[in-house]
There are 2 protein chains.
Amino acid sequence: MDTRERLIESTRELLWERGYVGTSPKAIQQRSGAGQGSMYHHFHGKPDLALAAITRSADELRERARAAFDGPGTVAERIAAYLRRERDALKGCPVGRLTQDPDVMADPELRRPVEETFAWLTGTLAGLLAQGRAEGELHPALDPAATAAALVAVVQGGYVLARAAGSPQVYAQAVEGALALVLQQKENR
Amino acid sequence: MDTRERLIESTRELLWERGYVGTSPKAIQQRSGAGQGSMYHHFHGKPDLALAAITRSADELRERARAAFDGPGTVAERIAAYLRRERDALKGCPVGRLTQDPDVMADPELRRPVEETFAWLTGTLAGLLAQGRAEGELHPALDPAATAAALVAVVQGGYVLARAAGSPQVYAQAVEGALALVLQQKENR
DNA sequence: GTCTATACCGAGATAGAC
DNA sequence: GTCTATCTCGGTATAGAC
């Protein structure tokens, strides 16, 4: 991995662990093993480097979600697979976390990937839910957009609960609770 | 409002807006109108002041939730009232946000109020759900603890979605989606 | 209780040598 | 491309006068 690459990866880790305000150029340099001059040679500064890191994290999240959504099985199974996918609940969501970073939200460039990621995520999930409803797999009264928003929110909020409790268990509990509500519609249909 | 009080309130606002790492003593002094010496007279430093602010925010959250939970109406109505309560979705949760602050989570003293708040919240909500189930108001197969975790997560995650989208609408959508899933059980019973 | 002075360190970046 | 030197500012706190 070359220097530029190590800088981006180190920044991704630090943004995930400490957020934008909590991440200093010096910390990035130390973790990546790159020197001061090296970092400023490859990037214009902290925001520039952060943009590269955030964009990559957003892309990665999208790909992982797509893999579950496009996987095998019924709509319900694919949604369950997405929600139950192994996650490091205590670390939280590398993209969702940026939402709490005032400096990220204040910068349109840094903010865009975050905004687009969640728009895509809820939109895609809503499409999947609509499909499941059309195929009679889900309750006809189910609102795809609202349900999609609720499910994505459960994941993001599940991280909050897990971190607050200091245990990943609560995350799993929240997800199972939500899943039970969605899937139960099938049985009651 | 005396100086000490203004210091606490200003810190609460800043922690809410910018988090712990993003809040400097200087910023607190400016917002509260208190001088350097004044702040260090009333508090031992940033962590001490933050503890007072966090504790108060946690207490406040608890009281507001209790008001909804103990309000009039059926269990379903009280839960709906809690979820639909007016919230400043774009600002997020003053307590949940701290969960993303590495320095807060690393300090047991600062962390405790956060942990306790969510434990109480999910526990209380679970009790309410269990009551609703016992009284035949909710589906007998509903898991109170898991459902409570899911609902609290929807609120916390709803804030994330709202901030990502830059619009409070998404928050409302997520909450309504979750509520529809929970209440629908009643109709299908 | 509140003020000002002072101190030290890290954040964030630039300049120029190699 | 990478290194070191240097710069300026703000974060965080202490000391002592008033």
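Residues numbered from 1 in each chain as written. Chains lettered and ligands numbered in written order. Predicted model: local features only at pLDDT ≥ 70, side-chain atom pairs only at ≥ 80, totals over all residues. Heavy atoms only, no water.

Tell me about the overall build of chain A, and please be specific about residues and values.
Helix and strand counts for chain A come out as 9 helices and 0 strands. When the helices and strands of chain A are listed from N to C terminus, the series reads α-α-α-α-α-α-α-α-α. Considered along the principal axes of its C-alpha atoms, chain A spans approximately 65 × 30 × 30 Å. Relative to its 189 residues, chain A shows a buried fraction of 53%. Excluding contacts between residues fewer than 6 apart, the proportion of contacts in chain A whose partners are at least 24 apart in sequence is 65%. When the accessible area of chain A is evaluated, it comes to approximately 7,900 Å², of which 50% is carbon and sulfur surface. Counting 23 positive and 24 negative side-chain charges, chain A places the centres of these two groups 3 Å from one another. (Helix = DSSP H or I, 4+ residues; strand = E, 2+ residues; numbered from the N terminus. Buried < 20%, exposed > 50% of the residue type's maximum accessible area, 1.4 Å probe, protein only. Contact = heavy atoms within 4.5 Å. Areas by Shrake-Rupley, 256 points an atom, 1.4 Å probe, with all protein chains shown as cover. Lys, Arg positive; Asp, Glu negative; His and termini not counted. Charge placed at Lys NZ, Arg CZ, Asp CG, Glu CD.)

Tell me what's going on with helix α5 (residues 75-84) of chain A, and back it up with residues and numbers.
Taking burial as the measure, the 10 residues of α5 of chain A include 7 buried ones, the bulk of the element. Taken as a whole, α5 of chain A has its buried residues at Val75, Ala76, Arg78, Ile79, Ala80, Tyr82 and Leu83 of chain A.

Go over the protein's contact with DNA strand D with me, naming the residues and quoting the values.
Taken together, 15 residues are adjacent to DNA strand D, and Thr3, Ser38 and His42 of chain A together with Pro25 and Gln36 of chain B come closest. Put simply, 58% of the atoms of DNA strand D that lie within 4 Å of the protein are in sugar or phosphate. Interatomic distance of 2.9 Å between a side-chain N/O atom of Thr3 of chain A and a phosphate oxygen of DNA strand D. Counting only elements with at least two residues in the surface near DNA strand D, the list comes to α3 (36-42) of chain A together with α2 (25-32) and α3 (36-42) of chain B. (Near = heavy atom within 4 Å. Polar contact = N/O pair within 3.5 Å; in protein donor to acceptor, adjacent residues only side chain to side chain.)

Would you mind going over the protein's contact with DNA strand C in detail, with residue names and values included?
Among the 15 residues in the neighbourhood of DNA strand C, the closest are listed as Pro25 and Gln36 of chain A together with Thr3, Ser38 and His42 of chain B. Of all DNA strand C atoms lying within 4 Å of any protein atom, the proportion belonging to sugar or phosphate reaches 56%. Take Ser24 of chain A: an N or O atom from its side chain is 3.2 Å from a phosphate oxygen of DNA strand C. Between a phosphate oxygen of DNA strand C and a side-chain N or O atom of His42 of chain B, the distance comes to 2.9 Å. Of all the secondary-structure elements, those providing two or more residues to the surface near DNA strand C are α2 (25-32) and α3 of chain A together with α3 of chain B. The greatest single-element share of the surface near DNA strand C, amounting to 5 residues, is contributed by α3 of chain B. By residue class, the composition of the surface near DNA strand C is 2 nonpolar, 11 polar and 2 charged. (Nonpolar A, V, L, I, M, F, W, Y, C, P; charged D, E, K, R; others polar.)

So what's going on with the interface of chain A and chain B? Residues and values would help.
Residue-level contacts link 44 residues of chain A with 45 residues of chain B. A combined buried area of about 3,700 Å² lies between chain A and chain B, and 61% of that area is made up of carbon and sulfur atoms. Inspection of the chain A/chain B interface yields 2 salt bridges. At the boundary of chain A and chain B, one finds 10 residue pairs in polar contact (both at pLDDT 80 or more). (Buried area = accessible area lost by both parts, 1.4 Å probe. Salt bridge = Lys/Arg side-chain N within 4 Å of Asp/Glu carboxyl O.)

Can you tell me about the relation of the copies chain A and chain B, naming the residues and giving the values?
Taken as rigid bodies, chain A and chain B are interconverted by a rotation of 180° and an axial shift of 0.0 Å, the fit giving an RMSD of 0.0 Å. Put plainly, the chains are arranged around a two-fold axis. No C-alpha of chain A approaches the rotation axis more nearly than that of Gly157 of chain A, which lies at 2.0 Å. Both copies share a contact surface, since 100% of the interface residues of chain A are interface residues in chain B too. (Least-squares fit on C-alpha atoms with pLDDT ≥ 70 in both.)

Please give an account of the nonpolar core that cites residues and values.
Counting residues in hydrophobic clusters, the biggest one holds 104 residues, and the most contacted among them are Ile79, Phe118 and Leu121 of chain A together with Ile79, Phe118 and Leu121 of chain B. Other than its neighbours up to four places away in sequence, Ile79 of chain B contacts Leu125, Leu128, Leu129, Leu151 and Leu179 of chain B. (Core = buried A, V, L, I, M, F, W, Y, C linked by side-chain atoms within 4.5 Å.)

Quick rundown of the packing of helix α1 (residues 3-18) of chain B against helix α4 (residues 46-69) of chain B? Include the residues and the values.
In a pair of packed helices, the angle between the axes and the distance between the axes together describe the arrangement. Residues and elements named next belong to chain B. Between α1 and α4, whose axes approach to 9 Å, the crossing angle comes to 75°. Taken together, the axes of α1 and α4 lie roughly perpendicular to each other. Residues Glu5, Leu7, Ile8, Glu9, Thr11, Arg12 and Leu15 of α1 lie in contact with α4, whose contacting residues are Leu49, Ala50, Ala52, Ala53, Ile54, Arg56, Ser57 and Glu60. Tallied by class, residues from the contact of α1 with α4 come to 8 nonpolar, 2 polar and 5 charged. (Axes fitted to C-alpha atoms, helices over the stretch in contact; angles between N-to-C directions. Parallel < 35°, antiparallel > 145°, perpendicular 65-115°, else oblique.)

Kindly report on the UniProt feature "domain: HTH tetR-type" (unreviewed entry) in chain A, identifying the contributing residues and their values.
Per the UniProt entry, the sites bearing "domain: HTH tetR-type" (unreviewed entry) are residues 1-61 of chain A in this numbering. For residues 1-61 of chain A, helix accounts for 77% and strand for 0%, while the C-alpha atoms at its two ends are 21 Å apart. (UniProt positions renumbered as here; feature names shortened; annotations may be inferred.)

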